[in-house]
Amino acid sequence: MVVKMAKLFVAKPVLGNKKKAFLEANGFTKQNGQWFKEGTEQELKEFWDEVDTYKNPQARFKEVKYWDGGMYKTKTQGKYVHNDMELDFYLMVDKQEEVALAA
């Protein structure tokens, strides 16, 4: 069986305590000046999708209720959505053979 192990790297240097604390809280480590997180390809893609709000088209709109002529109405209003941490990532995948342990 082939297991796809991967590393998720932060593309730009991390500046500031807020970004550093975010990365450390989410399991990233720093080695040779590069921040990365190891795991399976699927886990890292799910984490990336969760963090990168640009990929969520529903997050770009919100419903706003307003008073108009004696009743509440609802309208959809666009909003600016951004990655809160403003971090860019790239994924490197290594395919490794899973070693079956003989019983």
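Scroll up a little and you will see the structure.
Presented here is an overview of the structure given in this document.

Moving on, we get to the pattern of salt bridges. Evaluated as defined, the whole model comprises three salt bridges. Across the pair glutamate 38 and lysine 7 runs a salt bridge, and its minimum N-O distance is 3.7 Å. Placement of the pair is glutamate 38 in strand E3 (residues 34-40) and lysine 7 in strand E1 (residues 2-10), with a sequence separation of 31 residues. Residue lysine 7 is classed as partly exposed on the basis of its relative accessible area of 30%. For aspartate 88, the salt bridge is made with lysine 12, and the minimal N-O distance between the two is 3.5 Å. One end of the pair, aspartate 88, is in the loop between strand E5 (71-78) and strand E6 (89-97); the other, lysine 12, is in the loop between E1 and helix H1 (17-25), with 76 residues separating them in the sequence. We classify aspartate 88 as partly exposed; its relative accessible area is 39%.

The next point concerns the nonpolar core. Among the nonpolar cores identified, the biggest contains 13 residues, and Leu8, Val10, Leu23, Phe28, Trp35, Phe47 and Phe89 are the most heavily contacted of them. Elements with a contribution of two residues or more to this core: E1 and helix H2 (41-51). It is H2 that provides the largest number of residues to this core, a total of four residues. If near-sequence neighbours (up to four positions away) are discounted, phenylalanine 47 is found in contact with Leu8, Phe22, Asn26, Phe28, Lys37 and Phe89.

In this description, a pair of aromatic rings is defined by centroid distance and the angle of the planes. Counting across every chain of the model gives seven aromatic pairs. Each ring, one from phenylalanine 28 and one from phenylalanine 47, has its centre 5.8 Å from the other, and the planes form 50 degrees; the classification is tilted. Of this pair, phenylalanine 28 sits in the loop between H1 and strand E2 (29-31) while phenylalanine 47 sits in helix H2, and the two are 19 residues apart along the sequence. A ring pair is formed by tryptophan 48 and phenylalanine 89, whose centres lie 6.2 Å apart and whose planes are at 70 degrees; its orientation type is edge-to-face. With tryptophan 48 in helix H2 and phenylalanine 89 in strand E6, this pair connects stretches of sequence that are 41 residues apart. Accessibility expressed as a relative area gives 19% for tryptophan 48, which makes it buried. The side chain of lysine 7 reaches across the aromatic face of phenylalanine 36, ending 4.8 Å from its centre. Between lysine 37 and the ring centre of phenylalanine 47, over which it is positioned, the NZ or CZ distance is 4.3 Å.

Cut-off values and rules
- Residues numbered from 1 in each chain as written.
- Predicted model: local features only at pLDDT ≥ 70, side-chain atom pairs only at ≥ 80, totals over all residues.
- Heavy atoms only, no water.
- Salt bridge = Lys/Arg side-chain N within 4 Å of Asp/Glu carboxyl O.
- Helix = DSSP H or I, 4+ residues; strand = E, 2+ residues; numbered from the N terminus.
- Buried < 20%, exposed > 50% of the residue type's maximum accessible area, 1.4 Å probe, protein only.
- Core = buried A, V, L, I, M, F, W, Y, C linked by side-chain atoms within 4.5 Å.
- Contact = heavy atoms within 4.5 Å.
- Phe/Tyr/Trp six-rings, centres within 6.5 Å; stacked < 30°, edge-to-face > 60°.
- Lys NZ or Arg CZ within 6 Å of the ring centre and 35° of its normal.

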